[in-house]
Amino acid sequence: MKRYMKLLSMIALGLSIGSCVDDAVLPYEVQKPESIAQYEYLNAYDVLKSYIDRSKYPNFKLGTGITASDFNKKGIAYELVTTNFDEMTAGNAMKYASCVSDEGTMNFNTVSDFVQTAKEAGITIYGHTLAWHAQQNNKYLNGLIADKVIPVDPSTANHYLSMHQDTKANPWDGQVYYTLPSGAVLSQDTEYTLAFRAKASTPFNFQLWLMTMSSVDTTINGGTQIGTEWSDYSFSFSVSATDANTIKFVVGELEGDFCVDNVKLTAASSDENLIKNGDFEEENLFNWEKYSWHAVTYVIATDTETSGNAGYCLKLTNEIAKPNNYSSQAWYKLETFLKSGVEYTFTCMAKATGAYDVAVFLQSTVGGEQGYFPSLAVGTSWNKCSISITPGKEDYFDKLTLNFGDFAGTILLDNVKLVESGSDENLISNSDFEAANIEGWSSWDGYESLSANGEGYSTGEQVEEMPAEEKKAKLTEAMENWIQGMMQACGGYVTTWDAVNEALSGGDNNGDGVYDLQSATRGTVSAEDAKNNFYWQDYLGDVDYVRIVVRLARKYFEEAGGNPSDLKLFINDYNLESDWDDNGKMKSMLKWIERWEEDGITKIDGIGTQMHVSCYMDPMTQKSKEDHVVKMFELMASSGKLIKISELDMGVVGADGIDVKTEDITFEQEQAMAKYYNFIVRKYFEIIPVAQQYGITHWSPTDSPAGSGWRADSPIGLWNLEYSRKPAYAGFADGLAGKNDVTEEE
């Protein structure tokens, strides 16, 4: 049978409402409608909190979730809470993003009004939440720990001698030489050393010659390969001529750029440099020359790493956006396989013609498995991107791949690095692309190319990442300001809090048998979550994160006038009742609490289990769900902590495995939900010792409307949207009363 007919608006039309409308929550009289008889039994129920045996469960609190602004209006929502519940949890008003601006200023006006209205009504508040990764002010927090930009004074930037030749020729067809000033010559039969640093855009064979005043050349070195990274070179030689006065850099085989710095010519047993301005910092080419007919050119250049000389970068071009990001990709082939279980950091400077999240994952040349990691959030101006990568398979992954198929435009990458934790070695060669090639990068359809010279990254500034300890200090201060402000706004009235919400992930990446904490840098959350959320634990540390919050909460609760013995701090999370991993998250929660409390100072008073559950019409599935609810309560009881069901609500999944919408639910399905509510509530009372029973909060009093941000169009309430009681109300009430049945129509 379909659910009873949809009721018209009782206020706007002034018509009668459903037969099971809750008179107790409405501040006006209602008439009994002509309704379907099967729901008549709900009229016999009293308000929910009347079913709690206070002599047996003296400390138990029955709570609900509510919008603070709605409660402050003292309308229907206010009447529902004050009539049926002992306690309430604000849906969003007490969360970080609701109170902290982009500049870090805090506004607790709604919170203060909420607390005052609750005081007057005699309703307690469960604080939700002091620390979480979602609904944070990411702009403000990321700004606190942004990379430091250090302007570079052009006069202090490093300079060097840069030679350029477009086309390779004979060795002797490209010569740049230095002549000793003022007619000086090298001493006959004396040993000299010429040393310098150098790199080339492409490797080439370099020769070094010595010339006399009479233009006679002598070979000092007949061939040395110059590489693409800055390296030190040194050549020793003796002089036989009496008039040798010129050192020749023979670069005819060069194709591209040859960069030279710190040129030093010294005689044996002497430190005097015979090359004037050998570091080129005076930006004067004293005594450097070339033959006019040679194609090679030379200038003093400024170091591309500390100046506005942008150089080259990797250019990824996708002309047409495709349905999927994997439809266009480019990858870098690593020389060796990455190590399993070892953390690597991938960083680069990046910008694009439009803001886009570049998907990053690992591939293999020996198989088809892939490893997925957080995306690179690329903007339209150069910004630093950084993610952590931990491969999950040994001797397998050797390709770093970027996906950008659903983006139309150009993406530029520069200063690309992949570094193993604890090492300085960059696994990506030519990472700044100043060798004027993109060797190692490939794609199926030619998306990758070398940019034009000058398109690479440079701002005339140095970007220095803030040290980890400094980030921790700044964010600890931000957390302190937040908790202090919230505790002052509550004035000691709110004595129980979610200290930390949803810290645990659903997987064990490091293989220690305990689920890892959620993290934007360690691959334990999706790319979308990593982009949208702020994971404090990535900066404060997995252990210190919780310890800091607990310490600050206790300090500022007392300073705000609270009695320290009244304060109860909970760790709250979801999927603790999960059957697919045999309560793996619940077991991990107990292990993490042990770690957090190992210092002998940190005390966690309770565990909150959210329990956003579903009732399954498939009997075997439902039995498994119920069995693991029992296991969860047993594990919780073993902790000795206070136990709270913090956000209980319920949807229904049909026998076909599809979620049932509110408008489609049948009376049979409603009865099944009522029985499951009854089961959960009864088992809480049966398994959790009285001394550990904090209470149960039903998260959403009414069904969720279509378009809602939470379980949209799902029958999750104990009341419907017209505040009519549902069979779920009866099941919940009977569970509070300890009755092992659900009353149906008479």
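The structure under discussion appears in the preceding block.
Fair warning: this is a prediction, and the values are worked out from it, not measured in the lab. (Residues numbered from 1 in each chain as written. Predicted model: local features only at pLDDT ≥ 70, side-chain atom pairs only at ≥ 80, totals over all residues. Heavy atoms only, no water.)

Attention shifts here to the sheet that holds strand β19 (residues 371-378). The five strands lie next to each other as β19-β18-β21-β16-β23, forming an open sheet whose pairing is antiparallel. Both outer strands of the open sheet, β19 and β23 (441-443), are each paired with one neighbouring strand and no more. Looking at each pair of strands side by side, their axes are set apart by 25 degrees on average, direction ignored. Bridge analysis of strand β16 (residues 329-333) against strand β21 (residues 399-403) gives five bridges, and the strand direction is antiparallel. Directly across from Trp331, in β21, lies its bridge partner Thr401. (Pairing = 2+ DSSP bridges. Helix = DSSP H or I, 4+ residues; strand = E, 2+ residues; numbered from the N terminus. Axes fitted to C-alpha atoms, helices over the stretch in contact; angles between N-to-C directions.)

Relative to the assigned elements, Glu528 resides in helix α7 (residues 527-532). Separated by 124 residues in sequence, Glu528 and Val652 have C-alpha atoms that sit 27 Å apart.

Further remarks concern the sheet that holds strand β24 (residues 448-450). Pairing is antiparallel across the open sheet formed by five strands, whose spatial order is β20-β17-β22-β15-β24. Each end of this open sheet is capped by a strand with a single partner; those strands are β20 (383-389) and β24. Direction aside, the axes of adjacent strands within the sheet are offset by 35 degrees on average. As judged from the eight bridges shared by strand β17 (residues 344-352) and strand β22 (residues 409-420), these two strands associate in the antiparallel manner. Residue pairing across strands places Phe346 opposite Leu418, the latter belonging to β22.

Our next topic: helix α2 (residues 76-84). Among the nine residues that make up α2, eight are buried, leaving the element largely enclosed by the rest of the structure. Elements that come into contact with the buried residues of α2 comprise β1 (61-66), α1 (68-72), β2 (87-90), α4 (109-121) and α13 (727-737). (Buried < 20%, exposed > 50% of the residue type's maximum accessible area, 1.4 Å probe, protein only. Contact = heavy atoms within 4.5 Å.)

Turning next to the side chain of Ser714. Tracing the chain through its elements places Ser714 in the loop between β31 (693-698) and α13. Ser714 gets classed as buried once you look at its relative accessible area, which sits at 10%. Excluding its chain neighbours within four sequence positions, the residues that come into contact with Ser714 are Gly651, Thr662, Asp703 and Ser704.

Within this structure, the stated rule accounts for 46 aromatic pairs. Here the aromatic rings of Tyr160 and Trp230 are separated by 5.6 Å at their centres, their planes lie at 80 degrees, and the arrangement is edge-to-face. Here Tyr160, found in strand β5 (residues 159-165), pairs with Trp230, found in the loop between β9 (217-226) and β10 (231-238); they are 70 residues apart in sequence, far enough to count as distant. You can call Trp230 partly exposed: its relative accessible area is 23%. With a centroid separation of 5.7 Å and 85 degrees between ring planes, the pair formed by Tyr684 and Phe685 is classed as edge-to-face. Grouping residues by exposure puts Tyr684 and Phe685 together as buried. One aromatic cluster is present, built from ring pairs that chain together Tyr178, Phe196, Phe204, Phe206, Tyr233, Phe235, Phe249, Phe258, Phe280 and Trp288. Over the face of the ring belonging to Tyr396 we find Lys393, whose NZ or CZ atom lies 4.2 Å from the ring centre. A cation over a ring is seen here: Lys585 above Tyr574, with NZ or CZ 3.6 Å from the ring centre. (Phe/Tyr/Trp six-rings, centres within 6.5 Å; stacked < 30°, edge-to-face > 60°. Lys NZ or Arg CZ within 6 Å of the ring centre and 35° of its normal.)

The next point concerns the packing of helix α12 (residues 667-687) against α13. Remark: α12 packs on α13, axes separated minimally by 7 Å, with the N-to-C direction vectors making an angle of 20 degrees. Relative to α13, the element α12 lies roughly parallel. Here α12 and α13 pass one another in a crossing that is right-handed. Note on element contacts: α13 touches α12 through Pro727, Ala728, Gly731, Phe732, Asp734, Gly735 and Leu736, opposite Phe667, Glu670, Gln671, Ala674, Tyr677, Asn678, Val681, Arg682 and Phe685. Residue classes in the contact of α12 with α13 are distributed as nine nonpolar, four polar and three charged. (Parallel < 35°, antiparallel > 145°, perpendicular 65-115°, else oblique. Left-handed = near helix turned anticlockwise from the far one by under 90°. Nonpolar A, V, L, I, M, F, W, Y, C, P; charged D, E, K, R; others polar.)

Keep in mind that these numbers describe shape and distance, not what the molecule does.
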